[in-house]
Amino acid sequence: MTRSTIKLLVPLLILFVSLNLLALFLTLTSPVPDPSGTHSYNNSSNTLNQPSLSSLKKPKRLGSKCRHFVKHAKNPGKRFLNAKGLKLKKPPTSPKLPQQISFLHYNAILKNPRYLCSVESAARQNPNHQITVYAKNVSDFETVLTKVFLQDQVSVLELDWRAMFNETPLAEWYDNGTYLESKWVDQNLGNAFRLAIMWKLGGFYLDMDIISLNPLGALGTTLAKQTGPNILNNAFFGFQEGDSFVWEMMREFVDGFNGTVWGRNGPRMVDRTYNKLCKKKNGQLPTTEFSSCDAEIAPPSLFFPFSYGSRKKSLRPWKSSCDVMKRLADKSIGVHWWNKGLKGESIATETVLEAIMMHHCPTTHRQYSAHELGFFSQKDIDSGKGGNWDGFEVADGF
């Protein structure tokens with residue numbers, strides 16, 4: 001190489017090294033987003049601090065059981081569990097119950113966008129089921145549904161108490177105004193309404209705070225048990241239309257109605273009816289006059305993996321709760337998250353509950369910010385903002 005050639009190459013080499021050093025400098029001084037965050041936060045100060053060296057480290061790999069949960073959520077409608085919580089080797093060839101899922105929303109305005117997660121997840125897991133939401137304000141609910149693109153599979157019908165109660169034991173109870181003798185009028189009307197739905201239409205009923213993790217298609221006539229207390233719960237039903245056990249629940253609802261005791265006309269009513277008619281003693285049914293005791297009793301893991309007393313376990317960091325996440329994916333058809341019981345709680349992002357929503361109702365999770373869904377950064381929680389979520393509704397009975 002001649003001396004003249006070297007003279008030409010030296011400036012080029014210096015320029016090359018300078019550009020690489022500049023690129024490295026820009027990389028180190030640029031803001032580094034949280035790789036696990038999918039929402040933007042509207043904090044008063046939205047400028048990002050310069051990253052520390054620790055923030056530039058490669059993120060820790062997600063645990064295998066958490067990866068299992070994520071993979072499972074990406075393939076909805078595939079894992080069919082029977083009423084005992086056992087996986088079917090093959091999908092059911094024909095449905096045991098009408099392919100109908102009913103929800104109930106009795107507030108004038110939908111303030112709680114988490115409820116959309118319940119509707120979306122049910123649609124994802126059960127694409128062959130028609131979903132109906134009975135709403136007090138049909139136009140408002142329909143408008144919100146357009147945000148998560150569920151218009152085709154979901155219908156919104158007017159919440160007409162009297163029309164649904166017609167020709168049932170609930171009609172006289174309603175006409176006499178007995179329902180007004182209650183601390184929780186709308187909640188008790190809702191307890192009655194779901195019974196009438198099951199009697200007239202059958203299929204499945206789900207509370208608005210149940211997120212679907214697996215399909216319902218393998219279930220027949222089913223009641224669901226919770227723990228703490230160990231009773232049957234009316235947040236889920238699966239029945240054929242005209243099932244005589246549903247008729248008996250309506251009778252028990254009316255005869256035993258007490259509007260001043262929380263739960264008496266809901267879960268406790270289901271439990272009383274079953275114990276009176278179907279709970280065997282010494283191998284014998286309580287009465288020979290009633291023969292419709294064919295409902296299977298689903299274990300708590302199927303719909304109530306978190307008991308009311310342990311509901312805050314859903315607020316733990318999900319990436320360090322991988323055993324829980326895998327168990328939910330494998331053993332639960334739905335997760336009842338006890339919405340009313342979480343009122344006033346500061347719920348952080350990256351919790352079990354947010355992860356469930358992130359992966360099982362991805363459209364809802366994308367369309368709403370973390371704050372709108374009631375999830376807050378640790379900074380907001382530490383400053384006392386986390387418990388001020390305005391998504392809870394006035395008559396929030398779920």
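See the structure above.
None of these values were measured; they are calculated from a predicted model. (Residues numbered from 1 in each chain as written. Predicted model: local features only at pLDDT ≥ 70, side-chain atom pairs only at ≥ 80, totals over all residues. Heavy atoms only, no water.)

A few points about the overall build of the protein chain
Stated precisely, the cut-off is as follows: Secondary structure follows DSSP: runs of H or I at least 4 residues long count as helices, runs of E at least 2 residues long count as strands, and numbering of each begins at the N terminus. Exposure classes here rest on a 1.4 Å probe applied to the protein chains alone. A residue is buried below 20% of its type maximum, exposed above 50%, and partly exposed in between. Only heavy atoms matter for contacts: two residues are in contact if any of them lie within 4.5 Å across the pair. Using the Shrake-Rupley algorithm and a 1.4 Å probe, accessible areas are obtained, with residue cover drawn only from the displayed protein chains.
The number of helices and strands found in the protein chain is 14 helices and nine strands. Considering the protein chain as a whole, with its 398 residues, one finds that 50% of them fall into the buried category. A separation threshold of at least 6 residues defines the contact pool for the protein chain, and within that pool the share at least 24 residues apart is 78%. Summed over all atoms, the accessible surface of the protein chain reaches about 20000 Å², with 53% contributed by carbon and sulfur.

Concerning the pattern of salt bridges
Between side chains of opposite charge, a pair can form as their charged atoms come close. The condition is simple: Think of a salt bridge as a Lys or Arg side-chain nitrogen and an Asp or Glu carboxyl oxygen that are within 4 Å of each other.
If you walk through the whole model with that rule in mind, you get 10 salt bridges. As a salt-bridge pair, glutamate 248 and arginine 251 come within 3.4 Å of each other at their nearest N and O atoms. Placement of both glutamate 248 and arginine 251 in helix 8 (residues 244–255) is noted, with a separation of three residues, approximately one turn of the helix. Of the charged contacts, one joins lysine 276 and glutamate 252 as a salt bridge, the two residues approaching to 2.7 Å between their closest N and O atoms. Linking lysine 276 in helix 9 (residues 267–277) with glutamate 252 in helix 8, this pair joins segments that are 24 residues apart in sequence. Look at glutamate 252 and you get buried, because its relative accessible area is 10%.

Regarding the packing of aromatic side chains
What counts is decided by this rule: A pair of Phe, Tyr and Trp rings is counted when the ring centres sit within 6.5 Å of each other, with Trp represented by its six-membered ring. The angle between the planes then sorts it: under 30 degrees is stacked, over 60 is edge-to-face, the rest tilted. In this scheme, Lys NZ or Arg CZ marks a charge over a ring once it lies within 6 Å of the ring centre and within 35 degrees of the ring normal.
Summed over all chains, the structure comprises 22 aromatic pairs. Plain terms: the ring middles of tryptophan 184 and tryptophan 262 are 5.1 Å apart, the flat faces sit at 80 degrees to each other, and that makes the pair edge-to-face. Of this pair, tryptophan 184 sits in the loop between helix 6 (170–175) and helix 7 (185–200) while tryptophan 262 sits in the loop between helix 8 and helix 9, placing them 78 residues apart in sequence. With centroids separated by 5.9 Å and ring planes inclined at 40 degrees, the aromatic side chains of phenylalanine 304 and tryptophan 338 adopt a geometry described as tilted. Taken as a pair, phenylalanine 304 in the loop between helix 10 (300–303) and helix 11 (322–331) and tryptophan 338 in the loop between strand 9 (334–336) and helix 12 (352–360) lie far apart in primary sequence, 34 residues in all. For phenylalanine 304, a relative accessible area of 2% puts it in the buried group. Judged by its relative accessible area of 11%, tryptophan 338 is buried. Every member of this aromatic cluster is reached through a ring pair, and the members are Tyr134, Trp161, Phe165, Trp173, Tyr174, Tyr179, Phe193, Phe253 and Phe257. Above the plane of the ring of tyrosine 368 lies lysine 147, whose end atom (NZ or CZ) is 4.0 Å from the centre. Over the ring of tyrosine 308 we find arginine 311, and its NZ or CZ is 4.0 Å from the ring centre.

Digging into the side chain of asparagine 188
By the element assignment, asparagine 188 lies in helix 7. A relative accessible area of 5% means that asparagine 188 is categorised as buried. Once residues within four sequence positions are removed from consideration, asparagine 188 is found in contact with Trp173, Ser182, Phe253, Phe257, Gly259 and Asn265.

Section: the sheet that holds strand 3 (residues 154–158)
Heads up, the condition is: Think of it this way: DSSP has to see at least two bridges between two strands before they count as a pair. Helix axes use the C-alpha atoms of the stretch in contact, all axes being lines fitted to C-alpha atoms, and the angles between their N-to-C directions lie in the range 0 to 180 degrees.
Pairing in this open sheet of seven strands is mixed, and the strands run 3-2-1-4-7-6-8 from one edge to the other. Two strands close off the open sheet at either side, each with one partner strand: strand 3 and strand 8 (296–298). Strand after strand, the sheet turns through a mean of 25 degrees between neighbouring axes, direction not considered.

The values reported here are purely geometric and, on their own, carry no functional implication.
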